[in-house]
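Geometric and topological summary
Listed below, chain by chain, are the residues.
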Amino acid sequence: MTTNVTVEYAQAEKRFQEAHGPEEQLTALLEMQSTAPDHKGAENLRAEISRKIKKTREKIEKNEEQRKKASSRSVSIRKEGIGQIVLVGMPNSGKSTILKALTNADVEIADYPFTTKTPQVGMIDYMKSRIQLVEIPPLIEGSCEGKAMGRELFGLIRNADAVALVLDSANLRKEFITLKNEFSKAEIELNAAKHPLSLEKSRFLGISLVNPAFYKANLNELKAFLRKRGLSNVTIVFHRNTVLKDVEMFLSSKTVSKKAMAIIAEKNEVKADESAMKLVASEMPVFCIGKLRDKEKNALAEKFFAMLDRVLVFTKKPGEKQADKPMALPLGSTIGDAARDLHQDFEKNFKYAKVWGSARYPGQRVSKGFVLKTGDIVEIYSG
Ligand SMILES: Nc1nc2c(ncn2[C@@H]2O[C@H](COP(=O)(O)OP(=O)(O)OP(=O)(O)O)[C@@H](O)[C@H]2O)c(=O)[nH]1
Ligand SMILES: [Mg+2]
């Protein structure tokens, strides 16, 4: 540059060169404009700055439009039943076939890729409750960067309770590695048992704790800590020993973790390569299916239920029949948790309960701390 410039201008120009993104560039350019020399010899320089300012403003506007478009395109599926599981896979891997077999959903199945263009929902009957199964349009390499509706699809996955990867046996290794890579770039970990606790929104006011014995510090302090962060309506489930530091790390972590399993579709009875199979099995439970008969469907529903980390218990009033539908509680819940879920007063005025199922003998009298198992029938007495 032949034009003599001031120190202020030189500094602004440096900021421009080092700017991250168009917003910072614009700020620097405006400073350059106001500090540029105003003599005749600097005419070209001033014109150049004006051009850059115009271009940068256009860029910012365009980005803003794209951001708006992306957020208005975001899709979500309202949760129903005891949990939502997404069927995720590469094009043509067999997702719709599974959704239809398990839920009778009216979906299109075809031997060409990208048959499913919008999320498809079906419900599985399980022990008189229902599990929601959502097939999403296929993921491909680059989905995490937004290809093929990737951002919206990962939004849906983040919101789901668990993930079932549907993999074509003939292409197992490639599909698994591609999907894993997309998930990791989208900052979703599969089956990482990293955090010793999880958090669910609660229907009730107040903070409920499941498995509080795992919390190895002061519970009142923890509750105060949570309330300070606006979390005063939540259920915290402890999975193993936890201290306040773990809770802090859990809340500040950007990466989400999802329970996951792999369903390997053995189309035309093609078995998967054994080493690829081992690779998948080292990271998640694997379920191979050829034809989907009732036996396979039931076994698959069983696996789906297991991923949801719930217990299903039937309540019963003294002298009456058990409820038609079970209540679903987080795994590890006790009679006390069940009582609170029925009614807050029920827990407050709790006297004892009788349990059929996992109790030592039918109708055993138990106290609040009794840990429930799926299929238990519970009669609560309060005074
Ligand atoms: N023989 C056999 N064919 C299968 C099986 N599962 C899927 N197919 C076939 O594979 C093709 C794709 O099946 P879809 O269920 O539509 O696959 P998808 O994953 O939903 O496909 P997209 O929605 O396009 O991503 C169809 O021709 C199915 O008939 C299976 O278990 N056995
Ligand atoms: Mg499909």
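First things first, this report covers the structure right here in the doc. Quantities reported herein were computed from a predicted structural model and do not represent experimental measurements.

Below, the discussion takes up the site of ligand 1. Around ligand 1 sit 19 residues in total, of which Gly94, Ser96, Thr97, Asp111 and Thr116 are the nearest. With three residues, the single largest contributor to the shell around ligand 1 is helix α4 (residues 95-103). Looking at the shell around ligand 1 residue by residue, the class counts come to seven nonpolar, nine polar and three charged.

Where helix α1 (residues 7-17) meets helix α2 (residues 21-35), the axes come as close as 8 Å, and the angle between the chain directions of the two elements is 160 degrees. Our classification of the angle between α1 and α2 gives roughly antiparallel. By crossing handedness, the relation of α1 to α2 is classed as left-handed. Across the interface between the two elements, Glu8, Tyr9, Ala12, Glu13, Arg15 and Phe16 from α1 touch Gln25, Ala28, Leu29, Glu31, Met32 and Thr35 from α2. Looking at the contact of α1 with α2, its residues break down into six nonpolar, two polar and four charged.

A separate point is the environment of asparagine 233. With respect to the secondary-structure elements, asparagine 233 resides in the loop between α7 (219-228) and β8 (234-238). On the basis of neighbour counts, which here come to 15 C-beta atoms within 10 Å, the residue asparagine 233 falls in the partly exposed class. C-alpha separation for the pair asparagine 233 and arginine 203, spaced 30 residues apart in sequence, amounts to 7.3 Å. For asparagine 233, the contacting residues outside a window of four places in its chain are Lys201, Ser202 and Leu205.

Thresholds, definitions, all that
Residues numbered from 1 in each chain as written. Chains lettered and ligands numbered in written order. Predicted model: local features only at pLDDT ≥ 70, side-chain atom pairs only at ≥ 80, totals over all residues. Near = placed C-beta within 6 Å. Helix = DSSP H or I, 4+ residues; strand = E, 2+ residues; numbered from the N terminus. Nonpolar A, V, L, I, M, F, W, Y, C, P; charged D, E, K, R; others polar. Axes fitted to C-alpha atoms, helices over the stretch in contact; angles between N-to-C directions. Parallel < 35°, antiparallel > 145°, perpendicular 65-115°, else oblique. Left-handed = near helix turned anticlockwise from the far one by under 90°. Contact = placed C-beta atoms within 7 Å. Buried ≥ 20, exposed ≤ 12 C-beta atoms within 10 Å, placed from the backbone.

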